[in-house]
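# Fold and geometry: a report
The primary structure of each chain is shown beneath.
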Amino acid sequence: MAIEIEAKLSVPNFDAVRARLKDVGAERLGAVLETNTFFDSDDRSLLAADKGLRLRQTRESAGAKTNPSSKLTYKGPRRQGQLKSREEIELGITGDRQLIDLLGALGYGRLLTFEKRRESWKLGGCSVELDELPHLGTFVEIEGPDDTTILKVREQLQLDHRPLVKSSYVALLMTHLQERGLTTRVVMFDSSTK
C-alpha cells in the first residue's frame, strides 16, 4: 500500500508561487476542476478513526493533460511526524452512480461534497498542487517520496516561512460550515467564478 506524504500551506494567492515555479524550472502539467465526495457511516466511524473514503471526479480545465476520470480513495489515519503522512489506496472507477449505490448498501452515505480547482506542477521529484476551494481560499500541496525531498521543494518555492496545515480540506470545510451554522453538505464555486 502506498503512503501519502505531503506538506500543505495556505497562501494568499498563487502569483508568487507560479512565478517561483517558473523561475526554478518546474513543469506545468495542467489544471482540473475536481468534485470530491466524502462518505462515512451514520455514526461517523471513519471520521472518528481519522480515516477517509472519497470519490474524486475530475474534469479538464484549459491546458490540462489529464483526461476526465473518477477515483475512489481510502485514506488511513495520519501518522506521527512533521508532515502529513497516511496510508492511501486508490482505484480508478467507472460507473460513479453504481459505486455510490454500493457504498450506500454497505452503510456509507455522503458526508460532504465540494469542488476544488487544482493546477498541477512537477518539481524536484515532487508533485506541487495549487488548490483553490470555495470559502477556504488558496493552498499549495507538495507531495513527494519523503520529508526531506518535500521540505527541499518547499524551500525552493520560498514557502518555508509559511506554517504547515495539518487538517484535511474536508475537515477545514466541515469546521467552516459548523462555525457559521450552515447545514449544507454541498460546497461549490459560484457559477460566475468557474
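One can find the structure itself at the top, above this paragraph.
The following refers to the structure shown. (Residues numbered from 1 in each chain as written. Predicted model: local features only at pLDDT ≥ 70, side-chain atom pairs only at ≥ 80, totals over all residues. Heavy atoms only, no water.)

### Quick look at the packing of aromatic side chains
How two aromatic rings sit relative to each other is set out by the distance from centre to centre and by the angle between their planes. Which entries qualify depends on this criterion: Geometry of aromatic contacts follows a simple scheme: Phe, Tyr and Trp rings, the Trp one being its six-membered ring, pair when their centres are within 6.5 Å, and the pair is stacked under 30 degrees between planes, edge-to-face over 60, tilted otherwise. A run of H or I in DSSP becomes a helix once it reaches four residues, and a run of E becomes a strand once it reaches two; helices and strands are each numbered from the N terminus. In this scheme, a residue with accessible area under 20% of its type's maximum is buried, one over 50% is exposed, and one in between is partly exposed, where area comes from a 1.4 Å probe on protein chains only. The rule is short: NZ of Lys or CZ of Arg within 6 Å of the ring centre and within 35 degrees of the ring normal puts a charge over the ring.
Taken as a whole and assessed by the stated rule, the structure comprises two aromatic pairs. Plain terms: the ring middles of Phe38 and Phe114 are 6.0 Å apart, the flat faces sit at 10 degrees to each other, and that makes the pair stacked. Placement of the pair is Phe38 in strand β2 (residues 27-40) and Phe114 in strand β6 (residues 109-123), with a sequence separation of 76 residues. Aromatic side chains Phe139 and Tyr169 sit 5.3 Å apart centroid to centroid with 70 degrees between the ring planes, which places their arrangement in the edge-to-face category. Note that Phe139 is positioned in strand β8 (residues 137-143) and Tyr169 in helix α5 (residues 169-179), a separation of 30 residues in sequence. The pair formed by Phe139 and Tyr169 is uniform in burial state, with each residue classed as buried. The side chain of Lys8 reaches across the aromatic face of Tyr169, ending 4.0 Å from its centre. Residue placement shows Arg117 over the ring face of Phe189; its charged tip is 3.7 Å from the ring centre.

### Notes on the pattern of salt bridges
This is how it is decided: Salt bridge criterion: a side-chain nitrogen from Lys or Arg within 4 Å of a carboxyl oxygen from Asp or Glu.
Applying the stated criterion to the full structure yields 21 salt bridges. A salt bridge links Lys8 to Glu141; its shortest N-O distance comes to 3.9 Å. Within this pair, whereas Lys8 is found in strand β1 (residues 2-11), its partner Glu141 is found in strand β8, the two being separated by 133 residues in sequence. Both residues of the pair, Lys8 and Glu141, count as buried. Here Arg117 makes a salt bridge to Glu132, at a shortest N to O gap of 3.2 Å. Of the two residues, Arg117 sits in strand β6 while Glu132 sits in strand β7 (residues 126-133), which places them 15 residues apart along the sequence. What emerges from the salt-bridge pattern is a single network uniting Lys8, Glu34, Arg56, Lys116, Arg118, Glu129, Asp131 and Glu141.

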